[in-house]
Amino acid sequence: MGLDFEVVEFPDVDHPTAGEQAPDFERPLVTAEYWEDRALSALTAEGPVLLLFHTMDGAFPTTYMWNEIRDREWGQSEDDLTVVGLSVSSPYEHKTTIAERGIEDTGYRLFSDPQNGVAERYSIDHSLDGMAGVSEPRPAAFLLDDERVIQYAWVAAEWPQFPDYDEIEAAIDDL
C-alpha cells in the first residue's frame, strides 16, 4: 500500500535569499514542557539559527524531515547552532510531534503560526487545494547568522519535496 498523492508544482516566488536579512517575527515557541512567545531575533542574538518551515504536524513530510534532522544531530555538539521549526500547527500539536519524533531532549523547538503569517512574510505560503482559506508554508530552510543574515536558503519548488540535507550540513559546517 503506497502513499496516494499528486506532485504539485509551486509558482515562482520572491523569497528571502542568501545575503539578505531574514524577516523577524514573534510567535509561540514550543518545547516538550511548555511554550512562550519568542522573537526570532532573540534566538539569533544567541548565535546562528537553522529555521525550518514544514507542513502541518502529522503530515509525512514533517515526520521525515524531523527524523532526518534528529539523526544528523544538528545543533547537538559544541557548536552554538539553534534548530527551530515553524508550521501552522498549534502548540498542542507541536508538543505531540516533539514527543513522537523523539526530539524532546535535543533542544529543538517549534514555532506555532496557525494563521501562516510568517510564511506570508517570507513569501513561501501555499494555499491547500480543496481547503478554502487554509494555507501552510512551503517546506523551506534558512540558515541565519547572529545578525539574522541568511547564509543559506532553500525553498521547495514542488510538493512533496525535501531539502538537500547534505547541502544544509555543508552550510552549517561553513559557519
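As shown above, the structure is provided for reference.
Keep in mind the model is a prediction, meaning the values are calculated, not measured.

Caption draft 1: Layout of the pattern of salt bridges. Across all of its chains, the model carries seven salt bridges by this definition. A salt bridge links Asp-113 to Arg-27; the shortest N-O distance between them is 2.7 Å. Taken together, the residues Asp-113 in the loop between strand 6 (109–112) and helix 4 (117–121) and Arg-27 in strand 2 (residues 26–30) connect sequence positions 86 residues apart. You can call Arg-27 partly exposed: its relative accessible area is 24%. For Arg-38, the salt bridge is made with Glu-46, and the minimal N-O distance between the two is 3.5 Å. You can call Arg-38 buried: its relative accessible area is 17%. Within the structure, one salt-bridge network assembled from shared partners comprises Glu-68, Arg-72, Asp-166 and Glu-169.

Reading guide: rules and limits
- Residues numbered from 1 in each chain as written.
- Predicted model: local features only at pLDDT ≥ 70, side-chain atom pairs only at ≥ 80, totals over all residues.
- Heavy atoms only, no water.
- Salt bridge = Lys/Arg side-chain N within 4 Å of Asp/Glu carboxyl O.
- Helix = DSSP H or I, 4+ residues; strand = E, 2+ residues; numbered from the N terminus.
- Buried < 20%, exposed > 50% of the residue type's maximum accessible area, 1.4 Å probe, protein only.

Any functional reading would require information beyond the geometric quantities listed.
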